[in-house]
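Close look at the chain arrangement
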Amino acid sequence: MTPDLSVEIAGTKFNNPILTASGTCGYGEELADVFNLSELGGIVTKTITLMPRAGHPPPRIAEASAGMLNAIGLANVGVDRFIEEKLPFLEKYDTRVVVNIAGWRMKDYVDLAARLTDCQRADMVELNFSCPNVEMGMEIATNAALAEKAVAAVKKVFPRPVIAKLSPNVTDIAEIARACEAGGADALSLINTLVGMAVDIETYYPRLTNNTGGLSGPAIKPVALAMVHKVYQAVEIPIIGIGGIADYGDVIEFFLCGAAAVQIGTSLFVEPTAPIKIMKDLKKYLSERGLRNIRELTGQVRTYQ
Ligand SMILES: Cc1cc2nc3c(=O)[nH]c(=O)nc-3n(C[C@H](O)[C@H](O)[C@H](O)COP(=O)(O)O)c2cc1C
């Protein structure tokens, strides 16, 4: 019997637990040339903002040991073009579409979510809280009270599930997770990138024009697993695990630590067909162990006393 890879997040069925991570496959167009997007459980689109953005000047990507640094600066087409051009492109695929949104004021998130309310193709929104809030002088992702307020404000206008994406750049991620749950988040996704830096030893300049960037890829997987494990014990809502996933074993680890689905980011740059291979290998892993579905693995890690 073929094992069942389908999962359910906030009452929404996903054909399988593999989603692509925001910012690593644009709006799906490039990836659609490589494989049929209907094979994915879901696609999380590049963060969109109210207005189009060019992002930071290059270089905005640098290599790091077992990963990469990026400071793209939220380059995106803006919500109007996204709704007119990018979302309709995804209509023909049998996959879930999660629209990632961000802003500099709490109202930006609300306005964006309100614009997406009538777009039925936007199955869910994912709130990228890792950008500076100009009203408060800090990232929403780093302040529990702000995060709770922002989630609650979006929930008032958006009728479908809302995912809060958590940053690892905090003292206690469980505190932020609980705040998002209290604000009404239907699910959490974690982790976003870790702040990192690389310096050119000839010029003495950082390798990114933004000086610092976000570290992603296999280097961050252990950090992400520990955070998913911690958050799983702190909240009831489902967790989507993200961070350095490169093969099926990584997916199983995230499930065991508490994930109900996963997102794949940096690995797509190394091997764009990685999600397809991972799904094939996941089925093999499950059937070899007589497991009927992947859902039963969530949170099954055994810990030492
Ligand atoms: C080039 C690049 C661009 C990214 N852009 C976004 C973005 O626009 N919004 C967002 O929420 N996360 C963004 N991320 C973070 C990823 O979605 C993901 O959380 C992170 O890279 C960790 O997963 P990974 O190790 O599998 O890449 C970006 C990551 C990379 C590498």
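Criteria and thresholds
Residues numbered from 1 in each chain as written. Predicted model: local features only at pLDDT ≥ 70, side-chain atom pairs only at ≥ 80, totals over all residues. Helix = DSSP H or I, 4+ residues; strand = E, 2+ residues; numbered from the N terminus. Rg over C-alpha atoms; globule rule 2.2 N^0.38 Å. Contact = placed C-beta atoms within 7 Å. Near = placed C-beta within 6 Å. Nonpolar A, V, L, I, M, F, W, Y, C, P; charged D, E, K, R; others polar. Pairing = 2+ DSSP bridges. Axes fitted to C-alpha atoms, helices over the stretch in contact; angles between N-to-C directions. Buried ≥ 20, exposed ≤ 12 C-beta atoms within 10 Å, placed from the backbone. Right-handed = clockwise from strand over helix to strand, strands pointing away. Parallel < 35°, antiparallel > 145°, perpendicular 65-115°, else oblique. Left-handed = near helix turned anticlockwise from the far one by under 90°.

Observations concerning the overall build of the chain
Secondary structure assignment for the chain yields nine helices and 16 strands. Rg of the C-alpha trace for the chain: 18 Å, near the compact-globule value of 19 Å for 305 residues, within the 12% margin. Along the longest, intermediate and shortest principal axes, the C-alpha atoms of the chain span 50 × 50 × 45 Å. Contacts spanning at least 24 positions in sequence make up 71% of the contacts within the chain whose residues lie at least 6 apart.

Focus: the site of the ligand
In the region of the ligand, 26 residues are neighbours, and Ala21, Gly23, Ser216, Gly265 and Thr266 sit closest. Those elements giving two or more residues to the shell around the ligand turn out to be strand 4 (42-48) and strand 6 (67-70). Looking at side-chain class alone, the shell around the ligand contains eight nonpolar, 16 polar and two charged residues.

A word on the sheet that holds strand 12 (residues 187-190)
Strand order in this closed barrel of eight strands is 3-4-7-8-11-12-15-16, and the pairing throughout is parallel. Across the sheet, the axes of successive neighbouring strands diverge by a mean angle of 25 degrees, strand direction being ignored. The pairing of strand 11 (residues 162-165) with strand 12 spans three bridges and is classified as parallel. From the neighbouring strand, Ile163 faces strand 12, where its bridge partner is Ala187.

Digging into the pairing of strand 12
By the alternation rule, side chains of strand 12 split into Ala187 and Ser189 and Leu188 and Leu190, which are all buried. Pairing of strand 12 with strand 15 (residues 239-242), which is carried by three bridges, proceeds in the parallel orientation. For Leu188, the partnering residue across the bridge sits in strand 15 and is Ile239.

Structural notes on the environment of Val170
Secondary-structure assignment places Val170 in the loop between strand 11 and helix 5 (173-182). Owing to 19 C-beta atoms within 10 Å, Val170 belongs among the partly exposed residues under this scheme. Along the chain, Val170 and Leu194 lie 24 residues apart, while their C-alpha atoms are 9.8 Å from each other. The contacts of Val170, once residues within four sequence positions are left out, are Ala141, Thr142 and Ile176.

Examining the pairing of strand 16 (residues 261-264)
Alternating residues of strand 16 divide into Ala261 and Gln263 and Val262 and Ile264, and every residue in both groups is buried. One ladder, built from three bridges, connects strand 3 (residues 18-20) with strand 16; its direction is parallel. Its bridge partner being in strand 16, Thr20 is matched across the sheet by Ile264. The parallel pair strand 15 and strand 16 is bridged by helix 7 (residues 248-257), and the resulting crossover is right-handed.

Structural notes on the sheet that holds strand 13 (residues 194-197)
The antiparallel open sheet is built from four strands, whose spatial order is 5-6-14-13. Edge strands, defined here as strands with exactly one partner in the open sheet, are strand 5 (61-64) and strand 13. This sheet shows a mean twist of 40 degrees between the axes of neighbouring strands, independent of strand direction.

Let's talk about unusual backbone geometry
In the segment running from Pro58 into Pro59, the intervening peptide bond is cis, with an omega of 0 degrees. Turning to its location among the elements, Pro59 is positioned in the loop between strand 4 and strand 5. The step from Leu190 to Ile191 runs through a cis peptide bond, and the omega angle for that step is 15 degrees. Structurally, Ile191 can be placed in the loop between strand 12 and strand 13. Located in the positive-phi region is Leu74, a residue other than glycine, with phi close to 55 degrees. With respect to the helices and strands, the residue Leu74 is situated in the loop between strand 6 and helix 2 (78-89). Residue class for Leu74 comes out buried when judged on the 20 C-beta atoms lying within 10 Å of it. Positive phi, close to 70 degrees, is recorded for Asn211, a residue that is not glycine. Among the structural elements, Asn211 can be located in the loop between strand 13 and strand 14 (212-216). Judged by the 12 C-beta atoms lying within 10 Å of it, Asn211 is exposed.

Here's the deal with the packing of helix 4 (residues 144-157) against helix 5
The N-to-C vectors of helix 4 and helix 5 enclose an angle of 30 degrees; their axes lie 7 Å apart at closest approach. On the basis of the axis angle, helix 4 is roughly parallel to helix 5. Here the hand of the crossing between helix 4 and helix 5 comes out right-handed. Judged by residue contacts, Ala144, Ala145, Ala147, Glu148 and Val151 of helix 4 engage Glu175, Ile176, Ala179, Cys180 and Ala182 from helix 5.

Purely spatial values, then, with no claim about function.
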